[in-house]
Amino acid sequence: MFDFNHLRLIRHRSSRALAVLLLALSCLQGACEDAAPERTGASRVAIDELVETLNRTTGLDRATYLAGVLDSASDEDRARIRLLFEQGHLPHRQLDLTLIAVDGAERDPQSAYDWVSRMEASARPAVLRIWARSEPEAALRRAIDVRGNLRGRSLAAVAQGWLDSGRPGLEDFLHGLDPYDENDVIASLVTDVSSKRGSDGLMAWSESFELGARGKLTLYRKTALVLGRTDPNAAKEWIARHAEGPHGSNLIKLAAIAWAGHDGPAAFEWLETLPDSEERAVGVEEGFRRWSRNDPEEAGAWLRSAGFAPWLEPAHVIYATRLTDE
C-alpha cells in the first residue's frame, strides 16, 4: 500500500496529473478524495515512448508519469492506451488500471465501469464513487449486482459519492440495506465525513442525518469509535451529549476501546470521571482488554500503580485472567 500523505500536502497547488493520482490512490484504499480539477488540454501521446517508459519504471514514478500522460491525452489516445493494456502490450497493474478508470469516469462513468470490470474488478468502487456524484441511482443499480468481497466496498463507494453529491435519497438507500451491509456502509461514511469535515462536522452530521432507530444507533456508535481514535476531546463531548440518550448504548465502551488503543492512561483518566454505571464498567473492561493487547507491560504497570478501586474491578479481572493464562 502506498504512503501518499505527502501528496495531500501539495494537492491544492499541484497539477491535475497529481490530483488524479491522489484520487486513484485514495480510491484504492477505499476512501476517495474530492474529484480532480478540470482537464488542462489535449495533445497527441507518443505511444512508443509511453510503452518504453512504463516498462522501465515502477511504483509512484510510474503512476505519476501515467497520470501526466492521461492529463494531456486526447480521447483517441486514451482509447489507444486502454487497448495497449487490453492486448497485453503493457502488464496489468492495479494502480495503472485504476488511474485509467478514474480518468475515464469523469467523462463517461458507465463506459469506465464496464472497461475496468473486465480489466481490474477491484477498481470498480473508484468509478462507482465518481459516478454516484452525478448519477447516484445509476451507480447504485450497478453496485447492487456486485457479489463477493467487493460488494461492501462498492456499496460504500456509492454512498460516499451520493453524500458528496448532496442529492436526496441517501437515507432511503441505507434503509434498504441488510444489517451487515448497513453497518459497513455507515462506518465508511463516518470515516469519510471525519476526514473531510473534522470532528465538529462529523458530530453535526451524525446528529442531523435521518435514519431509522437501528441505523441511528449504528451511526452514533461508529462516530464514537472514530472520535475515540482521532480526537479524544471530541469523543468526550460526544459521550457527554449522547450516552444517556436513546442512541447511547455502548458509546462509552467503543470510545474507550478506540482511545485506549493509542493512549491507555488518558483513556482511563477519563473513565474515572464518569458516573458509576454498567456502561462505564463495560468500558473499563473492554478498554483495558484493548490496552493489554496493544501494550501488556504498560497496561499492567499502570494498573498495579493505580491499586484496587471498585471502578477498576473489571480491569483487574482482565489482568488476573491474563496472568493466569501466562
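Everything below is about the structure shown above.
Residues numbered from 1 in each chain as written. Predicted model: local features only at pLDDT ≥ 70, side-chain atom pairs only at ≥ 80, totals over all residues. Heavy atoms only, no water.

Q: What am I meant to see in the overall build of the chain here?
A: Counting its secondary structure elements, the chain contains 19 helices and zero strands. A burial count over the chain gives 49% of its 326 residues as buried. Taking all contacts inside the chain whose residues are at least 6 apart in sequence as the whole, residues at least 24 apart take part in 61%. Of the accessible surface of the chain, which amounts to about 15,400 Å², a share of 49% is contributed by carbon and sulfur atoms. (Helix = DSSP H or I, 4+ residues; strand = E, 2+ residues; numbered from the N terminus. Buried < 20%, exposed > 50% of the residue type's maximum accessible area, 1.4 Å probe, protein only. Contact = heavy atoms within 4.5 Å. Areas by Shrake-Rupley, 256 points an atom, 1.4 Å probe, with all protein chains shown as cover.)

Q: Would you take a moment to explain the nonpolar core for this structure?
A: As a rule of thumb, soluble globular proteins bury nonpolar side chains together. Counting residues in hydrophobic clusters, the biggest one holds 91 residues, and the most contacted among them are Val158, Phe173, Trp205, Phe268, Trp270, Leu271 and Phe288. Take this core: its biggest share by element is eight residues, from helix α12 (residues 179–208). Contacts of Phe268, omitting those with residues within four sequence positions, involve Val284, Gly287, Phe288, Trp291, Trp302, Trp311 and Leu312. (Core = buried A, V, L, I, M, F, W, Y, C linked by side-chain atoms within 4.5 Å.)

Q: Just to check I follow, could you spell out the side chain of Ser292 for this structure?
A: Note on placement: Ser292 falls in helix α17 (residues 278–294). When neighbours within four sequence positions are excluded, Ser292 is seen to be in contact with Ala299 and Arg322.

Q: What am I meant to see in the packing of aromatic side chains here?
A: Tallied over the entire structure, the rule returns 11 aromatic pairs. With a centroid separation of 6.1 Å and 85 degrees between ring planes, the pair formed by Phe268 and Phe288 is classed as edge-to-face. A residue pair is termed long-range when its members are at least 10 positions apart, and Phe268 in helix α16 (residues 264–273) and Phe288 in helix α17 qualify at 20 residues. Each of the two residues, Phe268 as well as Phe288, counts as buried. (Phe/Tyr/Trp six-rings, centres within 6.5 Å; stacked < 30°, edge-to-face > 60°.)

Q: How should α12 be read in this particular structure?
A: An α-helical turn contains 3.6 residues, so any two residues separated by three or four positions project in the same direction. Here α12 contains 30 residues, and its C-alpha end-to-end distance of 21 Å is more than 12% below the 44 Å for a straight helix at 1.5 Å per residue. For α12, the principal kink sits at Gly198 and spans about 125 degrees. Where α12 begins, the capping side chain belongs to Asp178, and its oxygen is found 3.1 Å from the backbone nitrogen of Tyr180. (Expected span 1.5 Å × (residues − 1). Bend = angle between axes of the 7 residues up to and from the residue. Polar contact = N/O pair within 3.5 Å; in protein donor to acceptor, adjacent residues only side chain to side chain.)

Q: Quick question: what am I supposed to make of helix α14 (residues 232–242) here?
A: Among the residues of α14, those classed as buried are Pro232, Ala234, Ala235, Trp238, Ile239 and His242. Taken end-on, α14 shows its buried residues confined to a sector of 150 degrees, consistent with a single buried face. Turned more than 90 degrees from where α14 packs its buried face, Asn233 and Ala240 sit exposed. Elements that come into contact with the buried residues of α14 comprise α12, α13 (213–230), α15 (251–260) and α16. (Arc of directions from axis to C-beta.)

Q: Can you help me understand unusual backbone geometry in this one?
A: With the exception of glycine, the majority of residues adopt a negative phi angle, and the majority of peptide bonds are in the trans configuration. Located in the positive-phi region is Asn250, a residue other than glycine, with phi close to 70 degrees. As for its position among the elements, Asn250 is in the loop between α14 and α15.

Q: Looking at this structure, how should I read the packing of helix α9 (residues 136–143) against helix α10 (residues 150–165)?
A: Each pair of packed helices gets described by two things: the angle between the helix axes and the distance between those axes. The contact between α9 and α10 brings their axes to 9 Å, and the two run at 175 degrees. Considering the angle they form, α9 stands roughly antiparallel to α10. Contacts from Pro136, Glu137, Ala139, Leu140 and Ala143 in α9 reach Arg151, Ser154, Leu155, Val158 and Trp162 in α10. Across the contact of α9 with α10, the residue classes break down as seven nonpolar, one polar and two charged. (Axes fitted to C-alpha atoms, helices over the stretch in contact; angles between N-to-C directions. Parallel < 35°, antiparallel > 145°, perpendicular 65-115°, else oblique. Nonpolar A, V, L, I, M, F, W, Y, C, P; charged D, E, K, R; others polar.)

Q: Looking at this structure, how should I read the packing of α17 against helix α18 (residues 296–306)?
A: The N-to-C vectors of α17 and α18 enclose an angle of 130 degrees; their axes lie 5 Å apart at closest approach. Considered as vectors, α17 and α18 are oriented oblique to each other. Packed against α17, whose contacting residues are Phe288, Trp291, Ser292, Arg293 and Asn294, the element α18 presents Pro296, Glu298, Ala299, Gly300, Trp302 and Leu303 at the interface. Its residues assigned to classes, the contact of α17 with α18 comprises six nonpolar, three polar and two charged.

Q: How do you make sense of the environment of Ile239 when you look at a structure like this?
A: Positionally, Ile239 belongs in helix α14. Judged by its relative accessible area of 4%, Ile239 is buried. When the C-alpha atoms of Ile239 and Ala255 are compared, they prove to be 8.1 Å apart, with 16 residues separating the residues in sequence.

Worth remembering: the numbers are spatial, not functional.
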